[in-house]
Structure formats: structure tokens, C-alpha cells
Amino acid sequence: MPKVRPKQAKVKATIALAAISSPAFACNVKNREASPLTATVKRSRFTLLALRALAGTFLALPATAMAAEPSTKELLQEIRRLSQRLEQVEAQKATAEARPGGNESQLQQRVERLEEENKKLEKSLSAQNISEDEPSLASRLKAVESQSLGYKKTARTVESLDGIQVGAGMTMVGQNMASGDTNKQGELNYRADVTVTLPGGEIGNTKGSIFTHVRMGQGPGIQAPGNAFSSVNATSFERPGADTSDSAIVLAEAFYQLDVPLPFGGNPNRSRSHLELNFGKMDPFVFFDQNKVSDDETRSFMNQSLVHNPLLDTGGDVGVDGLGFSPGVQVAYIDQTNKPEKNAVSFGMFETGNGASFQDSMDFPFWIGQVETTRRFFGGLEGNYRLYGWRNGRAQNYDGAEAAHAGIGISIDQKVAEYVSLFGRYGYELDGKVRFDQALTVGTEISGNYWGRGADALGIGFGLLKVSDDFKRDSLTLDADGDGTADLGYTAEGMEQVAEIFYRYRLMPKLELSPNAQYIRQPGGNASSNDAYAVGLRAQVTY
């Protein structure tokens, strides 16, 4: 085998390396590349072959020629490394060539599974109920939908209840007559009231409300001892003289209210005056002869003469039915330009007698008008002053004859200290034969703040009911029932005098107890009659 000269070997190696790095060689390889991975494999193969040729050449060199060159062992290690790298590249190529077909198969399977799950989901969602076998996503969606519908239903319920106001109260009274001419020594009675105010719609800035009042109860109470003008228990289910003592429940009031801000078409938020219209069956005393101190027999004074103007209420000129209500119409103009002061003018027409019970109605014989103002005196303390006049074209005289009655009255309530309020009423009969033609009532209510019980109150009231000249003349021989016997047997004169004291004790937030004591001197104008004393306890539950 011929020897290779060192110089010739160097030339051969140099030529081989130059060929590998030659631009023509690289261009030729590049033109034949199908992909980056294929080109990498081809270049690696050629490089390996070239290195093997070089290795053979270097092995043939003499030791002196290779003194500065890498050792045979190092070249072999490099060749092995390159060989391993070539194998890895070829394996990656094989994997890459096999992958497109595999990915397509896997993708197809996933699409099919997703379509199948989508069909199951659609089928499950189309069913109304929730089953155990349906997809968990469907169950969760149905649960969320059900919860959302529940929230919407609750929201609609709350929205439908917006503007609805409900109030309820029950009063029970036990009374005993300590002395006096009466057929009853003791009596229990109860009364319950439920009121509901509903939104009545809107027309522009005009708002409507529907007010309903249901009353139930039983027992007339002690009523008027002897021939007294006034009853000692205004909380009874029925008015004095009514002949029904059975337990009953009735729709006592039902009326519609319109509130019209002024001026018409203006901004209601800036309005300082408005018109108010009410029509239906109602309590006339809600709109006339009001009083902040003495206007509620369930919490304040119980003697009938101290609750409203005695000429209207006790005297009967108001003409309401046996429960105290009547169909009618009321309209008012209210001016609050100078708040907190207020001025108002109101007018009402109501049925009376049988018409108050929707029999022989549409006459509206009871007319009443009122002017009122709210002012601040005594260092800015509020007071309300009302002046009113009325006419009842179908009232009853004390002898039972139907006739026209007319009168005027005032009602005042005024705070004179932070926790002290005074009230007063006066009535004067202008026309009609009545048992008493003038009435004056006064009183006070003192808050329990003075003794550390702010929810309590002490009330003291007095009343004077003056016998009319006509009744004084006819009382001795009066026979209103036509039985041939005098109804009274005495000559009425002077004044019936009434006094009442109560203490309202707040036992619980919704429960109040009120001990009560009353005194009536010369009841019915009978100077020879025994004075009457009544004591009682009132329990009031309010919601």
C-alpha cells in the first residue's frame, strides 16, 4: 500500500473542507431541500461522510504532521456525537412525517365527541325538569336559570308592592261604672281595623291612590250612662244607639284620592301647592275637624265628646251610618309656599241617614267647608287652627222629626312647650232643635319625656255641653217614641260637664296599655241625677 505524503494529505483535507464550506455546495443543497428538517438531515449526512473521510486522512498522517491537530480519540468522540445527533434528527423527521395523519385522526375524534356532547346538552336543556342523568353543565345552567327566574319573580313582586301601605290595629276595652244611673255596670268590647293604601295610577303629574279600610269587632260598650249626651266609650265597634251587637266584619271605607300638583304641567318637585280630590265612602272626620291632640279614641281620649266636635259627633249632625262612615266627595286646595307654614281650604258633600248606608242616596244633604292654617308660636312651636261650618238638610231634631241643621265650629291644637300640647274645640248650633246647642272642650297631653318615658303620655280633658233653650222647654214632656209616656221626666238645664284622665303606657313597641277614668256631672242636663264615674283599661296593638 503506497504511503501518503504529509503534504499531499494536507492538500486533500483542505480540499475536502473547502468543498463542505463551498457556496456552490450550500446552494446545491439548498435547491434540493424539501423542508428545513430534510435539509438538516441531508447536511448532517454529508457532514458525517466528509468527517469520516477526513478521519481516514488524518489517521494516515505521520505523528509529526499531527502534532498540532486533534487526537484520534477526540475525532472519534466527535464522530459519535454527530452520529447520535443524526439519529435524533432522523427520529424527529419520522415522527413529524407520521404526525399530520395522527393529528387529523385525533382531531376528528374530538370533534365527534364534542358534537355528541352538544346534542346531549341541547336535548337536556329542552327538558323542563332536572334529572340525574343529564350533563352536569345542563344541570348547572338549569339551576342558574331557575334561580334567576326566582330573583326576577321576587323583583316583580317587590315592584308590584311598591307604593302599597298597610296598617293594622286592634283595641280592646274593659270598663266599669263606679256610680251613676246606668243599666250596665261593666262591659268588654273590641275593635280591629286594617287599612290598605294602593297606588291608583298616574296621569301626567297627577297621582292617584286607593284607600280601603276593613273594620271588625263586637260589643257596643257601656255607651252613655243614664241620659248623658256623650258616650264614655268611643272605641266601640258601633256608634251609640246602633242596634247590632253581633260580631261583624265590614268594608268600612273605600275611596279614591287624586293629588294634583300646581301649576298644571309644572315640575311636581318644585310645586308648593296642590289640589286634592277624594270620593267614595269615607270618614268625614278624616278631612274635617282634625286635631293632633284629640282625634284618635284608640290612643287618646275615649269620651265621645272629647274626640270630635260634640255637635257633629255626639249631637249627630254629621249624619254618618252606624259605624261612622258615609259616601261623599271632598276637595281641598293646599298651599305650602311658606313652608313650614301651611294654608288650606276644603269642601265636602256627604250622604246622611239612610243615604249613609247607600239607601235613598244621591242627595248629599250634608255640606261642610273648612279653612285651616298652620303657624308657629311660642318660639317656633307648631299650631293648627281650623274654622268650619256645616249644614245637614236631613238631620233629626230631638223629637225625631227630620229637619235642617246648621252650625259652625273651631278646632285648635298648639304646642306650648317641647313636650306639652294643648287642644280646644268649640261648636255653635245655628239652626235646628238639638239637645245642646253649644259645646266647648279643652285639654292637654304631656309627653313622658319629662319622667324618662318618651313613648308614654298623660292626657287630661274637660268638656261643657250647654242645654239648648228648645230642649229645656220641651224636655219635661218630650215623648219622641210616641208611647204616651215622657221620655225623660225632668227639665233639662245648665250644662253637662265631662272630665277625663288617661295614661298611655308603652309596654312593648307594638302594645300600649291605657288606664282611664271619667267623670260626668249633671248628665243630660239633669241636675238631680247622680254623677257618673267610669274607670277602664284600654289595650291597643298597632302594626
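Remember, predicted model here, so these are calculated numbers, not experimental data.

Caption draft 1: Up close: the overall build of the protein. When its secondary structure is counted, the protein shows seven helices and 16 strands. For the protein, buried positions account for 36% of its 543 residues. A sequence separation of at least 24 residues applies to 61% of the contacts in the protein between residues at least 6 apart.

Caption draft 2: Structural view of the nonpolar core. Counting 24 residues, the largest nonpolar core has Leu312, Phe366, Ile368, Trp390 and Phe471 as its most contacted members. Each residue touching Phe471, except ones within four places of it in the same chain, is listed here: Phe229, Tyr398, Val434, Arg435, Leu478, Leu488, Ala492 and Gly524. Membership of the second largest hydrophobic core comes to eight residues, among which are Ala228, Val498, Ile520 and Ala532.

Caption draft 3: Highlighting a nonpolar patch on the surface. A surface patch of nonpolar side chains, amounting to about 390 Å² of accessible area, comprises Leu440, Val442, Phe462, Leu464 and Met495. When contributions to the nonpolar patch are tallied by element, the ones reaching two or more residues are β12 (436-447) and β13 (457-467).

Caption draft 4: Spatial organisation of the packing of aromatic side chains. Counting across every chain of the model gives 16 aromatic pairs. Between the aromatic rings of Phe301 and Phe423, the centroid separation amounts to 5.6 Å while the plane-to-plane angle is 50°, which identifies the pairing as tilted. You can see Phe301 sitting in the loop between β5 (273-282) and α6 (304-307) and its partner Phe423 sitting in strand β11 (residues 420-431), a full 122 residues away along the chain. By relative accessible area, Phe301 is classed as buried at 1%. Phe423 sits in the buried class, given a relative accessible area of 5%. Ring geometry for Trp451 against Tyr503: centres 6.2 Å apart, planes inclined by 35°, an arrangement best described as tilted. With Trp451 in the loop between β12 and β13 and Tyr503 in strand β14 (residues 495-508), this pair connects stretches of sequence that are 52 residues apart. With relative accessibility at 39%, the residue Trp451 sits in the partly exposed group. Here a set of aromatic residues connected by ring pairs shows up, and it is made of Phe229, Tyr398, Phe436 and Phe471. Over the aromatic face of Phe502 sits the side chain of Arg538, whose NZ or CZ is 5.9 Å from the ring centroid.

Caption draft 5: Geometry of the side chain of Ser300. Here Ser300 is to be found in the loop between β5 and α6. Here Val293 takes part through its backbone oxygen, which lies 3.2 Å from a polar atom of the side chain of Ser300. Excluding anything up to four places from it in sequence, Ser300 contacts Val293, Ser294, Glu445, Phe502 and Arg538.

Caption draft 6: Structural view of the environment of Ala332. Mapped onto the fold, Ala332 is located in strand β6 (residues 326-335). Judged by relative accessible area, Ala332 falls into the buried class, the value being 7%. C-alpha of Ala332 to C-alpha of Gly348: the two residues are 16 residues apart in sequence and 8.7 Å apart in space. In this structure Ala332 touches His274, Leu275, Glu276, Val345 and Ser346, once residues within four positions along its chain are discounted.

Caption draft 7: How the structure looks around the environment of Asn291. Here Asn291 lies in the loop between β5 and α6. On the basis of relative accessibility, which here comes to 4%, the residue Asn291 falls in the buried class. Separated by 94 residues in the primary sequence, Asn291 and Tyr385 have C-alpha atoms spaced 9.0 Å apart. Setting aside residues no more than four positions away along its own chain, Asn291 makes contact with Arg386, Ser411, Ile412, Asp413, Phe423, Gly424 and Arg425. A polar contact of 3.0 Å, which involves the side chain of Asn291, links it to the backbone nitrogen of Val293.

Caption draft 8: Looking closely at the pattern of salt bridges. The tally for this structure, following the rule as stated, stands at 20 salt bridges. Residues Arg81 and Glu78 are paired through a salt bridge, measuring 2.4 Å at the closest nitrogen-oxygen approach. Separated by three residues within a single helix, Arg81 and Glu78 lie in helix α4 (residues 72-126), roughly one turn from each other. Classification of Glu78 by relative accessible area gives partly exposed; the value is 33%. The residue Arg191 makes a salt bridge to Glu297 at a minimum N-O spacing of 3.2 Å. Linking Arg191 in strand β2 (residues 186-203) with Glu297 in the loop between β5 and α6, this pair joins segments that are 106 residues apart in sequence. Like Glu297, Arg191 is buried. Overlapping salt bridges bring together Arg299, Glu445, Arg504, Arg506 and Glu512 as one network.

Caption draft 9: The arrangement of the confidence of the model for the protein in detail. Looking at the protein as a whole, the pLDDT averages 83, with 78% of positions reaching at least 70. The spread of mean pLDDT over the elements of the protein runs between helix α2 (residues 23-31), the lowest at 42, and β13, the highest at 98. Of the regions scoring below 50 in pLDDT, residues 1-37 engages in 23 contacts with residues more than four places distant in sequence or in other chains. Here residues 58-67 scores under 50 on pLDDT; set against residues more than four positions off or in separate chains, the count is nine contacts.

Cut-offs and rules
- Residues numbered from 1 in each chain as written.
- Predicted model: local features only at pLDDT ≥ 70, side-chain atom pairs only at ≥ 80, totals over all residues.
- Heavy atoms only, no water.
- Helix = DSSP H or I, 4+ residues; strand = E, 2+ residues; numbered from the N terminus.
- Buried < 20%, exposed > 50% of the residue type's maximum accessible area, 1.4 Å probe, protein only.
- Contact = heavy atoms within 4.5 Å.
- Core = buried A, V, L, I, M, F, W, Y, C linked by side-chain atoms within 4.5 Å.
- Patch = residues over 30% accessible without salt bridge, like charges linked within 9 Å, V, L, I, M, F, W, Y side chains within 5 Å.
- Areas by Shrake-Rupley, 256 points an atom, 1.4 Å probe, with all protein chains shown as cover.
- Salt bridge = Lys/Arg side-chain N within 4 Å of Asp/Glu carboxyl O.
- Phe/Tyr/Trp six-rings, centres within 6.5 Å; stacked < 30°, edge-to-face > 60°.
- Lys NZ or Arg CZ within 6 Å of the ring centre and 35° of its normal.
- Polar contact = N/O pair within 3.5 Å; in protein donor to acceptor, adjacent residues only side chain to side chain.
- pLDDT = per-residue confidence, 0-100.

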